[in-house]
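Descriptive analysis of the structure
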Amino acid sequence: MTATDAFSADQNTQGFPPRPDAAETSALSIERVSHAYGTRRALIDIGFSVAPASFTALLGLNGAGKSTLFSLITRLFGIQRGRIGIFGHDVARAPGEALRLLGVVFQPRTLDLDLSVTQNLLYHAALHGIGRRDARARSGEVLVRIGLADRAGSKVRDLSGGQMRRLEIARALLHRPRLLLLDEATVGLDVKARADILNHVRQLVAEQGISVLWATHLFDEIGSNDDLVVLHQGRILAQGKVARVIADAGASDINTAFMRLTGSSAQSGSPT
Ligand SMILES: Nc1ncnc2c1ncn2[C@@H]1O[C@H](COP(=O)(O)OP(=O)(O)OP(=O)(O)O)[C@@H](O)[C@H]1O
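The structure presented is a predicted model; accordingly, all values stated were derived computationally and were not measured. (Residues numbered from 1 in each chain as written. Predicted model: local features only at pLDDT ≥ 70, side-chain atom pairs only at ≥ 80, totals over all residues.)

1. Comments concerning the sheet that holds strand β5 (residues 89-90)
Applicable threshold: Note on pairing: DSSP must find at least two bridges between two strands before they are called paired. Elements are defined by DSSP. Helices are runs of H or I of four residues or more, strands are runs of E of two residues or more, and each kind is numbered from the N terminus.
With respect to topology, four strands assemble into an open sheet ordered β2-β1-β4-β5, the strand pairing being antiparallel. At either end of the open sheet lies a strand with only one pairing partner, and these are β2 (40-50) and β5. Bridge count for strand β4 (residues 81-86) against β5 is two bridges, and the pairing is antiparallel. By the bridge assignment for β5, isoleucine 86 is matched with histidine 89.

2. Structural notes on the pairing of strand β1 (residues 28-37)
Using the following cut-off: Three classes are used. A residue is buried when 20 or more other C-beta atoms lie within 10 Å of its own, exposed when 12 or fewer do, and partly exposed in between, with C-beta atoms placed from the backbone.
Counting buried positions along β1 yields eight of 10 residues, so the element is predominantly enclosed. Where β1 lies against β2, seven bridges are found, and the strand directions are antiparallel. Paired with histidine 35 across the two strands is leucine 43, which belongs to β2. The antiparallel pairing of β1 with β2 creates a hairpin that spans two residues between the two strands, and glycine 38 there sits at a positive phi of about 60°. Here five bridges tie β1 to β4, and the two strands are oriented antiparallel to one another. Bridge pairing in β4 links isoleucine 30 to isoleucine 84.

3. Considering the sheet that holds strand β3 (residues 55-59)
Keep this limit in mind: To get an axis, fit a line to the C-alpha atoms, keeping to the stretch in contact for a helix; angles then go from 0 to 180 degrees between the N-to-C directions. Placing a C-beta atom from the backbone of each residue, one calls two residues in contact when those atoms lie within 7 Å.
If you trace the six strands from one edge of the open sheet to the other, you get β6-β7-β8-β3-β9-β10, paired in mixed fashion. Looking at which strands have only one partner, the edges of the open sheet turn out to be β6 (102-105) and β10 (235-241). Pairwise comparison of adjacent strand axes, ignoring direction, gives a mean angle of 15° for this sheet. Across six bridges, strand β9 (residues 227-232) lies against β10 in antiparallel orientation. Residue pairing for β10: leucine 228 is matched across the bridge by glycine 240. In the packing of helix α3 (residues 66-73) onto the sheet, contacts are made with β3, β7 (179-183), β8 (211-216) and β9, and the angle to β7 comes to roughly 145°. Against the sheet, helix α8 (residues 191-208) contacts β3, β7 and β8, and its axis sits at roughly 155° relative to β8.

4. Looking at the site of the ligand
In plain terms, the rule: Only the C-beta atom matters for this test: placed from the backbone, it must lie within 6 Å of a molecule or strand for the residue to be near it. As a working rule, the residues Ala, Val, Leu, Ile, Met, Phe, Trp, Tyr, Cys and Pro are called nonpolar, Asp, Glu, Lys and Arg charged, and the rest polar, with Gly in that last group.
The local shell around the ligand consists of Tyr37, Arg40, Ala42, Gly60, Asn62, Gly63, Ala64, Gly65, Lys66, Ser67, Thr68 and Glu184. Sorting the residues of the shell around the ligand by element identifies β2 and α3 as the ones contributing at least two each. At three residues, α3 tops the list of elements feeding residues into the shell around the ligand. Here the residues of the shell around the ligand are counted per class, giving three nonpolar, six polar and three charged.

5. Here we look at the UniProt feature "domain: ABC transporter" (unreviewed entry) in the chain
Here is the rule we go by: UniProt positions are given in the numbering used here, feature names are shortened, and annotations may be inferred rather than shown by experiment.
Following the UniProt record, one finds the feature "domain: ABC transporter" (unreviewed entry) at residues 28-258. In the segment residues 28-258, helix accounts for 35% and strand for 27%; the C-alpha atoms at its two ends are 24 Å apart.

6. Looking at the packing of helix α7 (residues 161-173) against α8
What counts is decided by this rule: To sort the angles, those under 35 degrees are grouped as roughly parallel, those over 145 as roughly antiparallel, those from 65 to 115 as roughly perpendicular, and the leftovers as oblique. Two helices cross in a left-handed way if the nearer one is turned anticlockwise from the farther one by less than a right angle. They cross in a right-handed way if the turn is clockwise.
Where α7 contacts α8, the two axes come as close as 9 Å, and the packing angle between them is 20°. Here α8 runs roughly parallel to α7, going by the angle between their axes. As for how α7 packs across α8, the hand of that crossing is right-handed. Counting all contacts with α7, which are made through Gly161, Gly162, Arg165, Arg166 and Ile169, the residues of α8 involved are Ala193, Asp196, Ile197, His200 and Val201. When grouped by side-chain class, the residues that make up the contact of α7 with α8 number four nonpolar, three polar and three charged.

7. Quick word on the environment of lysine 155
By the secondary structure assignment, lysine 155 is in the loop between α6 (132-145) and α7. Along the chain, lysine 155 and leucine 28 lie 127 residues apart, while their C-alpha atoms are 35 Å from each other. In this structure, lysine 155 is in contact with Asp114 and Ser116, ignoring residues within four places of it in sequence.

8. Some remarks on the pairing of β3
Burial analysis of β3 places five of its five residues in the buried class, which makes it a mostly covered element. Pairing of β3 with β8, which is carried by five bridges, proceeds in the parallel orientation. Within β8, the position partnered with phenylalanine 55 by the bridge is valine 212. Pairing of β3 with β9 involves four bridges; the strand directions are parallel.

9. Things to note about the nonpolar core
Heads up, the condition is: By convention in this section, buried Ala, Val, Leu, Ile, Met, Phe, Trp, Tyr and Cys residues joined through C-beta atoms within 7 Å make up a nonpolar core.
In this structure, Leu59, Ala170, Leu182, Val212, Trp214 and Val230 are the most contacted members of the largest nonpolar core, which totals 72 residues. Apart from the residues lying within four places of it in its own chain, the contact partners of tryptophan 214 are Phe55, Thr56, Ala57, Leu58, Leu182 and Val201.

10. Thoughts on unusual backbone geometry
Not every positive phi belongs to a glycine, and alanine 53 is a case in point at roughly 55°. Structurally, alanine 53 is set in the loop between β2 and β3. Positive phi, normally seen in glycine, also occurs at arginine 176, with a value near 55°. When you line up the elements, arginine 176 lands in the loop between α7 and β7. The exposure class of arginine 176 is partly exposed, given the 14 C-beta atoms found within 10 Å.

See below:
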């Protein structure tokens, strides 16, 4: 069976409606997206949007489909079904315009440990075609923003895990994106480093107006005012303001709501 065949039984994926106008104003719009690895369906007709200057948590256990979705948004994988827009730019049809507005922090670390903090940033800036002088200015700027200015000359190898993550966030901000995706950004960090990263990212939303999609399997990373998307086994089970999702599930907290929606429980302790 081909990936296309894998969806043929799903009536909801037959034909896509015209783009809603609202999608044009969303930082990110996911419309009826499906993805299969051979016969394994990883995403099944999912749709949601991220509002400009908002923090949206994408909550799902391992295997929910979060990384697959990130791979589609960033064009690591081609889109099999549906449409993805970034500030109104279709990722498949206008990838240059769309991806210019996007910054990403992937789950695996991708820093050069033997280069300094600044050298890592300059290298990345060069890949984006940012001139040397501008790159230096921007590097200083993003390091201040993410609280790493005092480590500019340090070798990355000498940073803590949390500082490395913050450097990756700084790097993702170098080309001044308006939408930032973070895939399980706190995995492997202790409680303090996790809180630290989350605070920095929330500050980017509040102070810089950056839109954030924060993928996590930890419900204690979700704030009461956040927008929430609950993804489970490739399907979206709930979305909306956290309070609304909790109320709609007839629950009193996010943990119970998640259990009711999925029949399982997310983790509130340290990431695995
Ligand atoms: N390259 C691949 N080939 C085949 N199946 C895959 C591949 N990548 C992911 N899958 C499957 O797709 C589903 C979604 O996986 P995905 O990695 O997107 O989930 P996730 O929510 O990011 O989980 P995790 O946090 O564990 O990475 C899972 O069933 C997974 O086994």
